[in-house]
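So you can see what is in the structure, the chains are spelled out below.
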Amino acid sequence: NAHLFKNSNEITNEYDDSYFIWTRHSSDSYGDSYWNDQHSTGTKMLIVTANDVYKDATFQCKFETEQIVAVSVN
């Protein structure tokens, strides 16, 4: 789940899902491109399954508007 804070206050619900873009980074660049394209519409919650992970993968959530860019890696 993505959580967005401003001055220690959670503001996640103030923004539409489309602002929260998830990307996958692994040793499978072709698979990453495909996975990233499939998840490009944005969501605050992401379910990762064993099929989403090739050997070792990192998932990143990027929040971006015209005024704000924030990135979290988990």
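Below is a short write-up of the structure.

About the cut-offs
- Residues numbered from 1 in each chain as written.
- Predicted model: local features only at pLDDT ≥ 70, side-chain atom pairs only at ≥ 80, totals over all residues.
- Heavy atoms only, no water.
- Core = buried A, V, L, I, M, F, W, Y, C linked by side-chain atoms within 4.5 Å.
- Buried < 20%, exposed > 50% of the residue type's maximum accessible area, 1.4 Å probe, protein only.
- Helix = DSSP H or I, 4+ residues; strand = E, 2+ residues; numbered from the N terminus.
- Pairing = 2+ DSSP bridges.
- Arc of directions from axis to C-beta.
- Contact = heavy atoms within 4.5 Å.
- Phe/Tyr/Trp six-rings, centres within 6.5 Å; stacked < 30°, edge-to-face > 60°.
- Salt bridge = Lys/Arg side-chain N within 4 Å of Asp/Glu carboxyl O.

## Thoughts on the nonpolar core
Inference 1: If you look at the biggest cluster of nonpolar residues, it comprises 11 residues: A2, L4, I11, F20, W22, W35, L46, A57, F59, C61 and F63.
Inference 2: Elements supplying a minimum of two residues to this core: β3 (20-26) and β4 (57-64).
Inference 3: With four residues, β4 is the single largest residue contributor to this core.

## Topic: the pairing of β4
Inference 1: Only one face of β4 is buried: it carries A57, F59, C61 and F63, and the other face, with T58, Q60, K62 and E64, is open.
Inference 2: Direction of pairing for β3 relative to β4: antiparallel, over a ladder of seven bridges. Bridging across to β4, R24 finds its partner in F59.

## A closer look at helix α1 (residues 29-38)
Inference 1: Three or more residues of α1 are buried, namely G31, D32, W35 and N36. Viewed along the axis of α1, the buried residues span an arc of 130°, placing them on a single side of the element. Turned more than 90 degrees off the buried face of α1, the exposed positions are Y30, Y34 and D37.
Inference 2: Where the residues of α1 are buried, they touch β3 and β4.

## Details of the packing of aromatic side chains
Inference 1: Counted by the stated rule, this structure contains five aromatic pairs.
Inference 2: Centroid distance Y15 to Y19: 5.8 Å. Interplanar angle 85°. Geometry classified as edge-to-face.
Inference 3: Look at Y19 and F63: their rings are 5.9 Å apart centre to centre, the planes differ by 50°, and that puts the pair in the tilted class. Of this pair, Y19 sits in the loop between β2 (9-10) and β3 while F63 is found in strand β4, placing the two residues 44 residues apart along the sequence.

## A short note on the pattern of salt bridges
Inference 1: Inspection of the entire model under this criterion finds four salt bridges.
Inference 2: In this structure, the salt-bridge partner of D17 is K44, at a minimum N-O distance of 3.8 Å. Here the residue D17 occupies a position in the loop between β2 and β3, and K44 occupies one in the loop between α1 and β4, the gap between them amounting to 27 residues.
Inference 3: By relative accessible area, which is 33% here, D17 ends up partly exposed.
Inference 4: Under the relative-accessibility criterion, K44 is labelled buried at 16%.
Inference 5: Between D28 and R24 there is a salt bridge, with its nearest N and O atoms 3.9 Å apart.
Inference 6: Exposure remark for D28: the relative accessible area of 24% places this residue in the partly exposed category.

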